Amino acid sequence: MTTDSAITTRGLSKRYADVLAVDGLDLHVRRGEIYGFLGRNGAGKTTTIRMLLGLIRPTGGEVEVLGRRIVPGETEVFGRIGYLVESASAYPNLTVRENLEVQRRLTCSPAAAVPETIKLLRLEPYADRRAGRLSLGNKQRLSLARALLHYPELLLLDEPANALDPAGIVEVRELLRSLADERGVTVFMSSHILAEVAHLADRIGIVHDGRLIEESSRDDLATKARTFSTKVFSEQERADAMLTMELERYFLWRTGDEFQGGDA
Amino acid sequence: MFSSALATEFLKLRRCKVTWATLVGISMGPLGIALFMWIVREPGRAEQLGLLGTKANLSGLEATWPSFLSMLTLIVGIGGMLLLSFIVAYIFGREYTEGTAKNLLALPVRREWFVIAKLIVALAWWMTLVVAVLAEAFAIGLALGLPGLTAEMAAGGVRNALLAAGISYLLVPVIAWITVLGRGFMPPLGFALAMMALGNLFGKTGWADWFPWSIVPLMIGMVGQPETLPASSYVVLALTFVAGVAGTVAQVHYSDNAQ
């Protein structure tokens, strides 16, 4: 296990009865990088993230996160990790501010962390609204705020763009990029959407049937994808894909009062 | 960190309708007793009420403080066993139904602190209800002008109600265990109802002293004459409490959370 490693797994496996959800996974995520963990639904992404957090016990292999082995009873390292697993969740009777206050107390963060995080995730208009009355997208923002509140060194995000609108996706993407670049935060994010990780990740691992079948830098993967696209898709199909991308950019530009990063 | 876990458990009850619902639920008890007492004292009007009057007469009640306090203990003991199970099922079960268990279990806080903090919240919640229902009962009894109240009797009534409430509380860690095992409200409520039925059944056998859910009915005289509990019953209750806490802690520590 190397000291520059934020996450290391060796032969990590998880079996549920007859189903091998994760099969001998060897991962090495460096500190400060954004790692995209890409796979189809049911590929083993969420199970892997749960094992990294100690929420699920592996049936084989080992996990080391920020230099600590994840074993039952480990607590110290979780003060340095922010996470979002699968679906957004919050106490519906508590306001956004109160939900974050729960997290603040449990992570011993300073009082200022709550308003700062509300501002960072643009949740000010909803700060005193009960979580049960938030839209799905804002619930997702609240979950991201919970993950970021205690200034973690490592973020484990399972499908962070779920339920976010296109502008929200771009905002979160920019936020994660700035956290990695300015604060040196390591980001490990899973997704089943290539475009989501391709815009952000420094390295991408592709998981299928619980196994890591490919691991490349974003640039290498893009080169491979372009070559593949040229070989396999027709001019018309590529033009359609381009049009879809342009429509998305146009939509973001038209809704520019919410989205500040548009350059269309 | 334990103090933080405890503080957040109390914070989670803010604007929680369930707390008020349990207060309303248990406060119906003294009102119900008062209605019966009133019917017994006013047989003429009771007759006009038809079946209610008949039932009140059949129960052989007297409109006196000893009778009133005895029924109050019954409500705190038996009603409490069910209500307290509901409270504990809610406190533990909401983390699963609201999807927040996963947010708690990977924090720099020992998982057992959450279990203990939740049990303390349940105790505080339960004791608040018991104190409220006792205050309500005495206010109603005085308003009805029931005869025969002495300071000694009042103290005895309060003592019995608190003892029944305390014994009921010793059973709840098992309910907590079933809740985290079943990850929701229904398994613990089903379990609580089944145990109450079994408690009634065992209460009619010679094993009543030994079956945890028979001990409250035995103490308050629901199954036979009210009796002072033998030491063995307290040992059984203590062991039930310890087993419930240990089971709940082991469950949150070692089981997979694939919620």
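Above this note sits the structure.
Colleague: Run through helix 12 (residues 231–254) of chain B, naming residues and quoting values.
Modeller: All names here are of chain B. Here helix 12 contains 24 residues, and its C-alpha end-to-end distance of 34 Å stays within 8% of the 34 Å for a straight helix at 1.5 Å per residue. The complete set of buried residues in helix 12 reads Ser233, Val236, Leu237, Thr240, Gly244, Val245, Gly247, Thr248, Val249, Gln251, Val252 and His253. In this structure, the buried residues of helix 12 make contact with helix 5 (65–97), helix 7 (111–144), helix 8 (151–170), helix 9 (172–182) and helix 11 (212–220).

Colleague: Help me get a handle on the interface of chain B and chain A, residues and values and all.
Modeller: Residue-level contacts link 34 residues of chain B with 34 residues of chain A. Summed over both sides, the interface of chain B with chain A buries roughly 2900 Å², with 57% coming from carbon and sulfur. Here chain B is connected to chain A by three salt bridges. For Asp256 of chain B, the salt bridge goes to Lys14 of chain A, with nearest N and O atoms at 2.5 Å. At the boundary of chain B and chain A, one finds 19 residue pairs in polar contact (both at pLDDT 80 or more). Elements that contribute at least two residues to the side of chain B that touches chain A include exactly helix 1 (2–11), helix 5, helix 6 (101–104), helix 7 and helix 12 of chain B. Ranked by residue count, the leading element in the side of chain B that touches chain A is helix 1 of chain B, at five residues. Residues that form the side of chain B that touches chain A fall into these classes: 15 nonpolar, nine polar and ten charged.

Colleague: Give me the pattern of salt bridges: which residues, what numbers.
Modeller: Counted by the stated rule, this structure contains 27 salt bridges over all chains. In this structure, Arg15 of chain B engages Glu98 of chain A in a salt bridge whose closest nitrogen and oxygen atoms are separated by 2.2 Å. Of this pair, Arg15 of chain B sits in the loop between helix 1 and helix 2 (17–41) while Glu98 of chain A sits in helix 2 (residues 96–106), on two different chains. Classification of Glu98 of chain A by relative accessible area gives buried; the value is 11%. The closest approach of N and O atoms between Asp181 of chain A and Arg177 of chain A, which form a salt bridge, is 3.2 Å. Of this pair, Asp181 of chain A and Arg177 of chain A are both found in helix 5 (residues 166–183), four residues apart, which corresponds to roughly one turn of the helix. Shared partners join several salt bridges into a network, and the residues in it are Arg31, Arg68, Glu74, Glu76, Arg80 and Glu153 of chain A.

Colleague: Quick rundown of the sheet that holds strand 4 (residues 60–65) of chain A? Include the residues and the values.
Modeller: Residues and elements named next belong to chain A. Sheet architecture is open: four strands sit in the order 2-1-4-5, paired in antiparallel fashion. Each of the sheet's edge strands pairs with one partner strand only, and the pair in question is strand 2 (19–30) and strand 5 (68–69). Taken together, the five bridges between strand 1 (residues 5–16) and strand 4 define a ladder with antiparallel strand orientation. When the sheet's bridge partners are listed, Ile7 is paired in strand 4 with Val65. Along the sheet face, helix 1 (residues 45–52) touches strand 1, strand 2 and strand 4 and points at about 120° away from the line of strand 1.

Calculation notes
Per chain, the residues get numbers from 1 upward, laid out in the order the sequence is written. Each chain gets a letter, beginning with A, and each ligand a number, beginning with 1, in the order they are written. Residues qualify for local features only when their pLDDT is at least 70, as the model is predicted, and side-chain atom pairs are given and counted only at 80 or more; totals for whole chains, interfaces and linings, by contrast, use all residues. Excluded from the side-chain calculation are hydrogens and water; included are all heavy atoms of the structure. Strands here are runs of E lasting at least two residues and helices are runs of H or I lasting at least four, both read from the DSSP assignment and numbered beginning at the N terminus. What a helix is expected to span follows from its residue count: subtract one and scale by 1.5 Å. Remark: exposure states derive from per-residue accessible area (1.4 Å probe, protein chains only) relative to the maximum for the residue type, with buried under 20%, exposed over 50%, and partly exposed in between. Contact definition: two residues touch when any of their heavy atoms are within 4.5 Å. Computed with a 1.4 Å rolling probe, the buried area is the accessible surface lost when two parts are put together, summed over both parts. Salt bridges, as used here, are contacts in which a Lys or Arg side-chain nitrogen is within 4 Å of a carboxyl oxygen on Asp or Glu. What qualifies as a polar contact is a pair of N or O atoms within 3.5 Å, subject to a donor-acceptor requirement within protein and to the restriction that residues adjacent in sequence count only when both atoms come from side chains. In this count, Pro and Cys sit with the nonpolar residues alongside Ala, Val, Leu, Ile, Met, Phe, Trp and Tyr, while Asp, Glu, Lys and Arg are called charged and the others, Gly among them, polar. Whether two strands pair comes down to DSSP finding at least two bridges between them. The axes used here are C-alpha line fits, helices contributing only the stretch in contact, and every angle between their N-to-C directions lies in the interval 0 to 180 degrees.

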